[in-house]
Amino acid sequence: MNASIEFNGNKYELPVVKGSENEHAIDISTLRVATKGLITLDRGYKNTGSCESGITFLDGEKGILRYRGYAIEELAENAGFLEVAYLLIFGELPSKAELEKFHQDIKNESQVDEDVKKILDGFPKSAHPMGVVSSLTSALIAFNPGSVNVDSKEDMYQAIVKIMGKFPVLCAWALRKKAGQPLDYGDDSLGYIDNILKMMFKKPNQEYKINPVVSSALNKLLILHADHEQNCSASTVRIVGSSHAGLFASISAGVSALWGPLHGGANQAVIEMLEAIKEDGGDTKKYMAKAKDKDDPFRLMGFGHRVYKNFDPRAKIIKKSADEVLGDLGIQDPVLDIAKGLEKEALEDNYFVDRKLYPNVDFYSGIIYRALGIPTEMFTVMFALGRLPGWIAQWREMRLMKEPIGRPRQIYVGETYRPYMEISNR
Ligand code: CMC
């Protein structure tokens, strides 16, 4: 199958690539050479496929999300986070023995050099944990300087278990530093999720008891966040890694990309927005009007998605889960009612309906994080903990497929040539 374009009186045939779910793409890799200079322009890459990938499939019209062919609904209901991480990274669900080995190898690599604490000490307590986590992840490069030989299965595997082991420690340390708590190295006898909870919340003078409701809710949330194909942070990880910068450098860049409020930072922004509405008397209509006013920069945070134009399947699961978790924990959070009120109004409002704006993964997740006792500034760090296997899987696939360095073109619209002018004449 081909697509043809006409330019300057000449016709060019371009092959069309078809994906396993019948998605089509015009392969323009020969376009510039064949046409002697023509490129495509696609702000925000709204129409551009940057790669062929076998990791995650999503259909924005039908609200489908699958990891390696498995439906997100089934995984969220039945799987463990580490099992999903293995699936995303290596392509298949692990056997019991494979999963145990993966977990053991991660535990063996979960120590972080004591000197990293000195770096952490340099940050003010007021620092946002995402900035701290991004910096500490980057610092890991200095403590693990060897580059990964991507042609060696063993080298790749070691790099993967290292980052899976150390990243949660850094996230927990970012929180503990903020809370003025001593740093903890976790507990090898626990599962991956329970260990994260203990590392974050164990008080120095108290035993930490795992609450199964909290543990299971976090497991589900992290699975729902684990990958989302070529989103802003995954694309960042791939493009940084495409220069053959190492895995830690690529993940650190991914954390920075995730931080922004249009991406993962939206979960923090949603709770702050809901709180502000509550403080303002709960007048949701006023905020709906602000969101629709083109002269007002306010956006309804947690609404809209580049790909989902019908519903976000993750948001559906999280909304249901929010009711269950708050019920199980005996928590009544007035912002949950405000959120539901906003959703109802938006779904009946032409502005949102016409633009196909629906609640996304971040709309209800913060309400659950809050119920689990996680401070607001840590919400995006929780997202990063969930997204880590997705970033690793994207990086690994990109390197194994020997993708070329990511280097877009541009259309130059600046000044044309002008001679240098001496400073005395300016
Ligand atoms: N509130 C009000 N209007 C909105 C919103 C919103 N949340 N989102 C989009 N719009 C409007 C936008 O103003 C534009 O209107 P018009 O056509 O009249 O100019 C139209 O809808 C299309 O928006 P867009 O910004 O061109 O769409 P996009 O695909 O570039 O952006 C988005 C997608 C998620 C960045 C955007 O919907 C947004 O800013 N949402 C709020 C932030 C948010 O919740 N982000 C989390 C995304 S999901 C998790 C993740 O990615 O990590």
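Residues numbered from 1 in each chain as written. Predicted model: local features only at pLDDT ≥ 70, side-chain atom pairs only at ≥ 80, totals over all residues. Heavy atoms only, no water.

Visitor: Teacher, can you tell me more about the packing of aromatic side chains here?
Guide: Here the distance between the centres and the angle between the planes together describe a pair of aromatic rings. Summed over the entire model, instances satisfying the criterion amount to 13 aromatic pairs. With 5.7 Å between their ring centres and 70 degrees between their planes, Tyr287 and Phe298 make a pair best called edge-to-face. Taken together, the residues span a long stretch of sequence, with Tyr287 in helix H13 (residues 284–292) and Phe298 in the loop between H13 and helix H14 (313–329) at a distance of 11 residues. Take Tyr287 and Phe298: they sit in the same class, and that class is buried. Ring pairs connect the aromatic residues Phe303, Tyr351, Phe352, Phe363 and Tyr364, which therefore count as one cluster. The aromatic ring of Phe311 is capped on one face by Lys316, whose charged end is 4.3 Å from the ring centroid. Just above the ring of Tyr351 sits the side chain of Arg355; from NZ or CZ to the centre is 3.9 Å. (Phe/Tyr/Trp six-rings, centres within 6.5 Å; stacked < 30°, edge-to-face > 60°. Helix = DSSP H or I, 4+ residues; strand = E, 2+ residues; numbered from the N terminus. Buried < 20%, exposed > 50% of the residue type's maximum accessible area, 1.4 Å probe, protein only. Lys NZ or Arg CZ within 6 Å of the ring centre and 35° of its normal.)

Visitor: Can you help me understand the nonpolar core in this one?
Guide: Taken as a class, soluble globular proteins show a tendency for nonpolar side chains to be buried jointly. Residues Tyr67, Phe102, Met164, Phe167, Met200 and Leu300 are the most contacted members of the largest nonpolar core, which totals 117 residues. In this structure Met164 touches Leu82, Ala85, Phe102, Ile106, Tyr192, Leu388 and Ile392, once residues within four positions along its chain are discounted. (Core = buried A, V, L, I, M, F, W, Y, C linked by side-chain atoms within 4.5 Å. Contact = heavy atoms within 4.5 Å.)

Visitor: Even after reading the chapter, I still don't get H13, so can you show me in this structure?
Guide: For an α-helix, the turn length of 3.6 residues means that residues three or four places apart are oriented alike. Those residues of H13 that fall on the buried side of the exposure criterion are Thr284, Tyr287, Met288 and Ala291. The arc that holds the buried residues of H13, viewed along the axis, is 105 degrees, so those residues lie on one side. Buried residues along H13 sit against helix H12 (266–279), helix H15 (334–347) and helix H16 (350–354). (Arc of directions from axis to C-beta.)

Visitor: Any chance you could explain empty space enclosed by the protein here in plain terms?
Guide: A water-sized probe, rolled over the atoms, reveals where empty space remains. Per the counting criterion, the structure on display carries 3 cavities of 30 Å³ or more. Roughly 90 Å³ of internal volume is contained in the largest cavity. Forming the walls of the largest cavity are 13 residues, and the residues nearest its centre are Ile106, Ser110, Gly165, Tyr192 and Asn195. At the level of secondary structure, the elements contributing two or more residues to the lining of the largest cavity comprise helix H4 (96–108), helix H7 (153–179) and helix H8 (192–201). Across the lining of the largest cavity, the residue classes tally to 7 nonpolar, 4 polar and 2 charged. (1 Å grid on protein atoms, 1.4 Å probe; cavity = no way out; pocket = protein on both sides within 12 Å on 5 of 7 lines; lining within 4 Å. Points joined across faces, edges and corners; volume = space filled by probe spheres on them. Nonpolar A, V, L, I, M, F, W, Y, C, P; charged D, E, K, R; others polar.)

Visitor: Help me out: how do you make sense of a nonpolar patch on the surface in this one?
Guide: Taken together, the side chains of Leu41, Ile411 and Val413 make up a nonpolar region of the molecular surface, amounting to roughly 340 Å² of accessible area. Inspection of the secondary structure puts Leu41 in the loop between helix H1 (31–34) and strand S4 (56–59). On the basis of relative accessible area, Leu41 is assigned to the exposed category, the value being 56%. (Patch = residues over 30% accessible without salt bridge, like charges linked within 9 Å, V, L, I, M, F, W, Y side chains within 5 Å. Areas by Shrake-Rupley, 256 points an atom, 1.4 Å probe, with all protein chains shown as cover. Salt bridge = Lys/Arg side-chain N within 4 Å of Asp/Glu carboxyl O.)

Visitor: When you look at unusual backbone geometry in this model, what are you seeing that I'm missing?
Guide: Excluding glycine, most residues fall at negative phi; most peptide bonds, likewise, are trans. The phi torsion at His244 lies on the positive side, around 70 degrees, for a residue other than glycine. Its location among the elements puts His244 in the loop between helix H10 (232–241) and helix H11 (247–259). Looking at His244, the relative accessible area reads 52%, which means it is exposed. Positive phi, normally seen in glycine, also occurs at Lys402, with a value near 55 degrees. On the secondary structure map, Lys402 appears in the segment after helix H18 (379–400). Overall, the relative accessible area of 56% leaves Lys402 in the exposed class.

Visitor: Any chance you could explain H8 here in plain terms?
Guide: Among the 10 residues of H8, 10 are classified as buried, and the element is accordingly described as predominantly covered. Residues Tyr192, Ile193, Asp194, Asn195, Ile196, Leu197, Lys198, Met199, Met200 and Phe201 constitute the buried set of H8. The secondary structure elements touched by the buried residues of H8 are helix H3 (81–90), H4, H7, helix H9 (212–224) and H18.

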